[in-house]
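Coordinates in review
What follows is each chain in one-letter form.
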Amino acid sequence: MERFLGPYSPQLYAILRIVAGLMFAMHGTQKLFGWPGDGNTVEIASLMGLAGIIELVAGLMIAFGFLTGWAAFIASGEMAVAFFMAHAPQGWNPLLNKGETALLYCFLFLYMAAHGSGIWSIDAAMGRGVRREGSKRTSYT
């Protein structure tokens, strides 16, 4: 499979970054604006309100590839806190304590924080984070 999909890994990573960022931002819109969902919102001046703001802002930054490393690092930390505060007290198993999504986002965003924006991003368009490897220039922002 690596021989077939490997040449497209930059594009597939960009699609993963965009989809994950938009999905994360939607968690924020759900908390802050009640959409999508039943219209219930959280108090902005609360822990859940702060989580909603982080999810909306960091999610859009990740999706657009703007300072992705920083946004993903903050989002990863938020998901770690969410898992240990809200889910782990219900038991250790993420499948049983409903923390699977938080845990997946945590490690996905941790990887993105290390990897950066990649192609199809504002960071790449601005030439941010261009890394030299030998004589070849590649963007890993």
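A brief look at the structure comes next.

Rules behind the numbers
Residues numbered from 1 in each chain as written. Predicted model: local features only at pLDDT ≥ 70, side-chain atom pairs only at ≥ 80, totals over all residues. Heavy atoms only, no water. 1 Å grid on protein atoms, 1.4 Å probe; cavity = no way out; pocket = protein on both sides within 12 Å on 5 of 7 lines; lining within 4 Å. Points joined across faces, edges and corners; volume = space filled by probe spheres on them. Helix = DSSP H or I, 4+ residues; strand = E, 2+ residues; numbered from the N terminus. Nonpolar A, V, L, I, M, F, W, Y, C, P; charged D, E, K, R; others polar. Contact = heavy atoms within 4.5 Å. Expected span 1.5 Å × (residues − 1). Buried < 20%, exposed > 50% of the residue type's maximum accessible area, 1.4 Å probe, protein only. Phe/Tyr/Trp six-rings, centres within 6.5 Å; stacked < 30°, edge-to-face > 60°. Axes fitted to C-alpha atoms, helices over the stretch in contact; angles between N-to-C directions. Parallel < 35°, antiparallel > 145°, perpendicular 65-115°, else oblique. Left-handed = near helix turned anticlockwise from the far one by under 90°.

The method is simple in principle: a probe with the dimensions of a water molecule rolls over the atoms, and the space it marks as empty is what remains. Reported here for the largest pocket is a volume of approximately 460 Å³. In terms of lining residues, the largest pocket is bounded by 22 residues, among which K31, E55, E78, M79 and A82 are the most central. It is helix α4 (residues 68-87) that provides the largest number of residues to the lining of the largest pocket, a total of seven residues. Residue composition of the lining of the largest pocket, grouped by class: 13 nonpolar, five polar and four charged.

Examined against the element boundaries, T68 turns out to sit in helix α4. Not counting residues up to four positions away in its chain, the partners in contact with T68 are R17, M61, I62, M112, G116, S117 and D123.

This part covers helix α2 (residues 9-33). Its 25 residues place the ends of α2 35 Å apart at the C-alpha level, agreeing with the 36 Å of an ideal helix rising 1.5 Å per residue. Where α2 is concerned, the buried positions are Y13, A14, R17, A20, G21, F24, A25, G28, T29, K31 and L32. For α2, the secondary structure elements touched by its buried residues are α3 (47-64), α4 and α5 (100-115).

Under the counting rule described, the total for this entry stands at five aromatic pairs. Relative to F109, the ring of F24 has its centre 4.8 Å away and its plane inclined at 70 degrees; by these criteria the two rings are edge-to-face. Here F109 lies in helix α5 and F24 lies in helix α2, a separation of 85 residues in the sequence. Overall, F24 belongs to the buried group, its relative accessible area being 1%. Seen in terms of ring centroids, F83 and F84 are 5.3 Å apart; in terms of plane orientation they differ by 85 degrees. Their pairing is edge-to-face.

We now examine the environment of G99. Following the sequence through the fold, G99 ends up in the loop between α4 and α5. Between the C-alpha atom of G99 and that of A14, which follows or precedes it by 85 residues, the distance is 26 Å. The residues touching G99, leaving out its near neighbours within four places in the chain, are F83, H87 and P94.

In this model, α3 (18 residues) spans 26 Å end to end at C-alpha, consistent with the 26 Å of a helix rising 1.5 Å per residue. Listed as buried for α3 are G49, A51, G52, E55, L56, A58, G59, I62 and A63. Next to the buried residues of α3 lie α2, α4 and α5. The positive-phi residue at the C-terminal boundary of α3 is G65, with phi of around 75 degrees.

Take the packing of α2 against α3 next. The geometry of α2 relative to α3 is characterised by a closest axis approach of 7 Å and an angle of 155 degrees between their N-to-C directions. Classified by the interaxial angle, the pair formed by α2 and α3 is roughly antiparallel. For the pair α2 and α3, the crossing hand works out as left-handed.

Read these as layout, nothing more, since geometry by itself doesn't imply function.
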